[in-house]
Amino acid sequence: MKYIDYIQLNPFQKLGYNLKNFFVNLPKNAGKFFKAIGNFFKRFFVGIGKGFAGFFSRFIKGDWATKLSYIIMGFGNIVRGQVVKGLLFLATEVLFILYMIGFGWDKIYNLGFFNNGTIGFNEEGYGINPVTGRPGRIEGDDSMKLLLYGVMTLVIIAIFIVIYVANTKSAYKAQQTKAAGEKLPGFLDELKEFFDSKFHVTLLAFPTLTISIFTILPLLFMILIAFTNYDHSHIGKLFSWVGFETFGKVFTNTGAASMGKTFVELVKWTLIWAVLATVLNYILGMVVALMINKKGIKLKALWRTLFVVTVAVPQFVSLLLMSQMLDVNGGAINVLLHNVLHWTPGYIDFLGGDPWVARVTVIVVNIWVGIPYTILITSGILMNIPADLYESATIDGAGPVKSFFKITLPYMLFVTTPYLITSFVGNINNFNVIYLLTSNLQNSNDLYQAGYTDLLVTWLFKLTMNSQDYNFAAAIGILVFIVCATVSLITFNLTKSAKNEEEFS
Amino acid sequence: MIKSYKVRRFVTNAFVYILLGGLGLIWISPLVYLVLHSFRDEGLAYVSYLIPQKLSFQNYIDLFTVTKESSMNFPRWFMNTFIVAIFSCIISTLAVMMVSYAFSRLRFKARKPLINIGMILGMFPGFMTMIAIYYLLKAMGLLEMPLVALIICYSAGAGLGYQISKGFFDTIPRALDEAATIDGATRNQIFWKIILPMSKPILVYTVLTSFIGPWTDFILAKIIVGKDIPNYTVAIGLQMLIDADHVLNNFKKFLAGSVVVAVPITTLFLIMQRYYVEGVTAGGVKG
C-alpha cells in the first residue's frame, strides 16, 4: 500500500493495517532481533579472541624484559626508564597477591566449589568446637557475607586482569618505541595525556569506580542470590546453589496463597497499571495543557502554577497526605463526601477494602500526581505545532475533538515517543505511588506476601523486607528487568530517534 | 455571522474557564488542606469537618521545640537532610557532568559498550539491590556513620543518570570543540571553559534534582538508618510520625513538618521550572 492510500484510511483501518503489518513482519523482525543479539555475542567473543591473540603475540615478539613483565609486572617499563609507571604496576601486583593470600582465596574457596554447592562450611549449632576441641556452641559461617566477599573478590580479580593486560601492552610499546630509536615519554608527559587525548579515562575513572562498587557489585550479588535457596527458612543458616529452582517456584501454582498465583495476579495488575497510568496521564495532561494554552484564555501563568505546584511538593509529602486523606477512619475525603456533602451513607474504605476500589483509587491518585508532569513536558512542544494547521482544520469544519485526534496527538506522538517509553518503564517500576499510599495496609490472604494493589516492584520490596525471601525477590527483579529491557529494546529499535544520535552535531 | 462567532468563542472560553477552575480546585485542594490544617489548634488526628475552628502556630512551635532523643527531633532531622543533600548534590552533579561530557563529546573505543552497560544497569529495578547495599555498607563499617553512608548511596550511582545531560551536550555544535582544539586547548580546558558555561540549563537541572533527591527518598534511608532516630532524614522522620502508633498525637505535627519541608523545595522548583523543562525536553524528547 502506498502512503497516499494509507493516509486516507480511517483510524480503525489504520490500526488494522498496522496490526496486520506487525504480525506479518513479526517473524522477520524477531529474526532481526535475534540476529542482533547473535551479532553482539559474536563481536564480544571475537573481541576476546583478538585480545588473547594480541596477548600471546606480544609475548612471542617481546624481548627478555617484556617477557619478564608477564611475571613481574612493570619490569619492562622500569628497565626502559619509565620507573614511576613500572613501580605502580609492580605495587598493584604485590597488593593483589597479598590480598589473594590474606583474604581473597579463602572467599573463593568458600563459594561452594568444594562443598557440594553450599556456601561456607560450618553450620551454626552445637558440636565439637574446632578451636578448643571441646563440645560447645559453634560460630557458623555467614553464607551471605561469604557470597558478598566472594563476588567482591571476583570483581577485584577482573580489575586486576585488566591492569595486567595493560601492563603487558605498556611493556611491549616501550620496547617498540625504544627499538624505533624514539624517546620514551616521561611520567609527567603521560600524566598530561590524561587531560587531553586520554581525558575520557580521567572523567570516567571515579564514576566507574563508585558505580562498580555500589551498583554493579550489589547487582551481581543479587543476581547470584536468585540462583540460591536463600529464603526465610535459611536465615542464619548456610544456603546453597539450586540453579533455576527459584524461578520454577515463582511459576508454580499450588496451594491457596501460592507464589505462582500471586505472580500471575501481580503481573496482570502491573501491566494494566502501567498502560493506564501512562496513557491516561499522557492524554489527559495534554488536554489540560491545551486548555491552558488556548487562545483567549487569560492568566495562563496562574493556571499553570496551580497544577505545577503539585509536582514541586515532594512526593512523599503529597502521597502520605493523600493516604491520610483517604483514610477510612475519617480522612478528609470521607469527611467531604459523608459529613459535608452527604453523598455517601458512611465512610468508604478506599484503599483497604475491595481490591478493585483500591485499584481505581490508586490510578486516580496517580492521575493527580502525573498530569502536572505531562503539562510541564508538553506545554512547550504543543506551542510548537504550527498554528495554521489548526486554522485550516477549523476552516475545513473540524471541531476541537477532531483536531486533537487528527493533529495534536499524531504530532505529539511523533515527537515524544522516547518520553512515553521511559514513562511506561517508569510506571512498571512506580514504587512511590503504590507504596506510600498502601504501606499501612494488611496483605491479602489470597496472595503470598502481597496486597491486590501491589506491583511487582512493591512485592519485591515486601519479599525482601517483610518475609526475607531474598532469592524470590531477586528472581522477580530479574524478571522485571527482562520485561523492561524487551519493551525498551523493541520500541527504541522501532523509533528512529535512538539511531540518529549524531544528527544534532 | 461575526456576532455568532463571537458568541461561540465566548461560550467555549467560558466552558474552558469553568473546567480549568474545577480541575485547578481539585488539584490544589489537598495542598490547601495541608496548609490549613497544619495551623489547626483543636482536635487530634482526624476531625469531622473541613475548615479548622481555631488557628494557631502551636503545631509549628511543637515541631521545633518538642525534641525527645527517643522519638522525635525535627530540627536535627532537618539539619541531617540538609547536610546529606549538599554533599550528595556536589558529588552527583560532578559525576553526571563528567560522564555525560565523556559520552557525548569524546570518542574512544569503550564508549558504545559503556553507554549500553549504563542503559542495561538502569533497567534493573533499583530496590532489588537495596539489601545487598545494606550488607555492603555494613561490611565496610559505614552503618556506624549513617549520614556518610547516605551521601555515598545517593551519589555513588549518580553517573548512571547521564542520558538527559548527554542529550543536551549532543546539541552543542561540535565545531566549537574543533575551533578550540585548533587554538591549542586541551580537552580538559574545553570541558571547563567552553562546554560547562554553555550548559547552564542542564547544570541547574542536575543540581536541582540531585539536591531534592535526599529530601524525598525514604526507602533507602529507612533501610540504612534503621532505628537510629536522631540520624533520621525528614522523609523517614515524617513518615514515622504517621505510622499506626504515632498518628493520633502527631498528625498535626506531620502536617506542619510537611509544610516546612515542602515550602523551600516548592519555591526552589517553581523558580527553576524553566530549567527543569529545558532539561527534560533537551535530552528526553527528540523528533
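Here is what the cut-offs are and how they apply
- Residues numbered from 1 in each chain as written.
- Chains lettered and ligands numbered in written order.
- Predicted model: local features only at pLDDT ≥ 70, side-chain atom pairs only at ≥ 80, totals over all residues.
- Helix = DSSP H or I, 4+ residues; strand = E, 2+ residues; numbered from the N terminus.
- Rg over C-alpha atoms; globule rule 2.2 N^0.38 Å.
- Buried ≥ 20, exposed ≤ 12 C-beta atoms within 10 Å, placed from the backbone.
- Contact = placed C-beta atoms within 7 Å.
- Domains from an automatic or database assignment.
- Nonpolar A, V, L, I, M, F, W, Y, C, P; charged D, E, K, R; others polar.
- Axes fitted to C-alpha atoms, helices over the stretch in contact; angles between N-to-C directions.
- Parallel < 35°, antiparallel > 145°, perpendicular 65-115°, else oblique.
- Left-handed = near helix turned anticlockwise from the far one by under 90°.
- pLDDT = per-residue confidence, 0-100.
- Core = buried A, V, L, I, M, F, W, Y, C linked by C-beta atoms within 7 Å.
- Expected span 1.5 Å × (residues − 1).
- Bend = angle between axes of the 7 residues up to and from the residue.

### Thoughts on the overall build of chain B
Scanning chain B from terminus to terminus reveals 13 helices and zero strands. Walking chain B from its N terminus toward its C terminus, one meets helices and strands in the order α-α-α-α-α-α-α-α-α-α-α-α-α. The globule rule puts the C-alpha radius of gyration for 287 residues at 19 Å, and the 24 Å found for chain B is more than 25% above it. By principal-axis analysis of the C-alpha atoms, chain B measures approximately 80 × 70 × 30 Å.

### Re the overall build of chain A
Secondary structure summary: chain A contains 19 helices and two strands in total. In chain A, which comprises 505 residues, the proportion classed as buried is 32%. Sequence separation of at least 24 residues holds for 62% of the intrachain contacts in chain A that already meet a minimum separation of 6.

### Digging into the domain arrangement of chain A
Residues and elements named next belong to chain A. Each assigned domain of chain A is listed here: domain 1 (58-128 + 137-243) and domain 2 (259-496). Contacts between domain 1 and domain 2 engage 10 residues on the former and 10 residues on the latter. Tallied by class, the residues present in the side of domain 1 that touches domain 2 amount to six nonpolar, three polar and one charged.

### Examining the interface of chain A and chain B
Contact with chain A, which involves 85 residues of that partner, is made by 74 residues of chain B. Looking at the side of chain A that touches chain B, the element that brings in the most residues is helix α8 (residues 199-225) of chain A, giving 16 residues. When its residues are assigned to classes, the side of chain A that touches chain B shows 58 nonpolar, 23 polar and four charged.

### Here we look at the domain arrangement of chain B
Interface size, as often reported, equals the accessible area lost upon joining of the parts. All names here are of chain B. According to the domain assignment, chain B consists of domain 1 (2-56) and domain 2 (60-284). Each of domain 1 and domain 2 was reduced to a C-alpha centroid, and the two centroids are 33 Å apart. Between domain 1 and domain 2, the contact holds seven residues from the first and nine residues from the second.

### Re the packing of helix α6 (residues 143-179) of chain A against α8(A)
When two helices pack together, their arrangement is captured by the angle between the axes and the distance separating the axes. All names here are of chain A. Between α6 and α8, the least distance of the axes is 10 Å, while the angle of their chain directions is 120°. In this view, α6 runs oblique relative to α8, as classed from their interaxial angle. Here α6 and α8 pass one another in a crossing that is right-handed. For the pair α6 and α8, the contacting residues are Leu147, Leu148, Val151, Met152 and Val155 in the first and Ser212, Leu217, Leu220, Phe221 and Leu224 in the second.

### Digging into the confidence of the model for chain A
Overall, the predicted model of chain A reaches an average pLDDT of 82, with 92% of residues at or above 70. The model gives residues 496-505 of chain A a pLDDT under 50, and that stretch makes 10 contacts with residues more than four places away or in other chains.

### Focus on the environment of Ile476(A)
Mapped onto the secondary structure, Ile476(A) falls in helix α19 (residues 470-494). Excluding anything up to four places from it in sequence, Ile476(A) contacts Val250(A), Leu456(A), Trp459(A) and Leu460(A).

### Quick word on unusual backbone geometry
Residue and element names in this part refer to chain A. Its identity is not glycine, yet Leu299 carries a phi of approximately 60°, on the positive side. If you trace the backbone, Leu299 turns up in the loop between α10 (259-292) and α11 (300-312). Within the chain, Gln468 stands out as a residue other than glycine whose phi angle is a positive 55°. Inspection of the secondary structure puts Gln468 in the loop between α18 (456-465) and α19. With 16 C-beta atoms counted inside 10 Å, the residue Gln468 sits in the partly exposed group.

### Overview of the nonpolar core
Formed by 132 residues in total, the largest nonpolar core has its most connected members in Phe221(A), Leu437(A), Leu460(A) and Cys153(B). Among the elements that take part in this core, α10(A) stands out by supplying 11 residues, more than any other. In this structure Cys153(B) touches Phe214(A), Ile133(B), Leu220(B) and Ile224(B), once residues within four positions along its chain are discounted. Membership of the second largest hydrophobic core comes to 24 residues, among which are Phe199(A), Leu203(A), Tyr162(B) and Ile202(B).

### Focus: helix α12 (residues 234-241) of chain B
The buried fraction of α12(B) amounts to seven of the eight residues, a majority that puts the element mostly inside the structure. Where α12(B) is concerned, the buried positions are Val234(B), Ala235(B), Ile236(B), Gly237(B), Leu238(B), Gln239(B) and Leu241(B).

### Things to note about the confidence of the model for chain B
All names here are of chain B. Within chain B, residue pLDDT values average 83, and 95% of them lie at 70 or more. Within chain B, helix α13 (residues 247-284) has the poorest average pLDDT of any element, 78, and helix α3 (residues 74-105) the best, 91. Across the whole predicted complex the pTM is 0.81, and at the interface the ipTM reaches 0.84.

### What about the environment of Leu55(B)?
Residue and element names in this part refer to chain B. Summarising the element assignment, Leu55 is placed in the loop between α1 (2-38) and α2 (58-65). Overall, the presence of 14 C-beta atoms within 10 Å leaves Leu55 in the partly exposed class. Sequence separation of Leu55 and Tyr101 is 46 residues, and the distance between their C-alpha atoms is 53 Å. In this structure, Leu55 is in contact with Phe39, Arg40 and Asp41, ignoring residues within four places of it in sequence.

### Concerning helix α5 (residues 83-109) of chain A
Residues and elements named next belong to chain A. In a regular helix each residue adds 1.5 Å, so 27 residues correspond to 39 Å; α5 covers 36 Å between its end C-alpha atoms and thus fits that length. When the local axis directions of α5 are compared, the greatest deviation, roughly 60°, occurs at Met100. When we look at burial in α5, the residues that qualify are Lys85, Gly86, Phe89 and Gly104. Lining the buried residues of α5 we find α4 (75-79), α6 and α7 (187-193).

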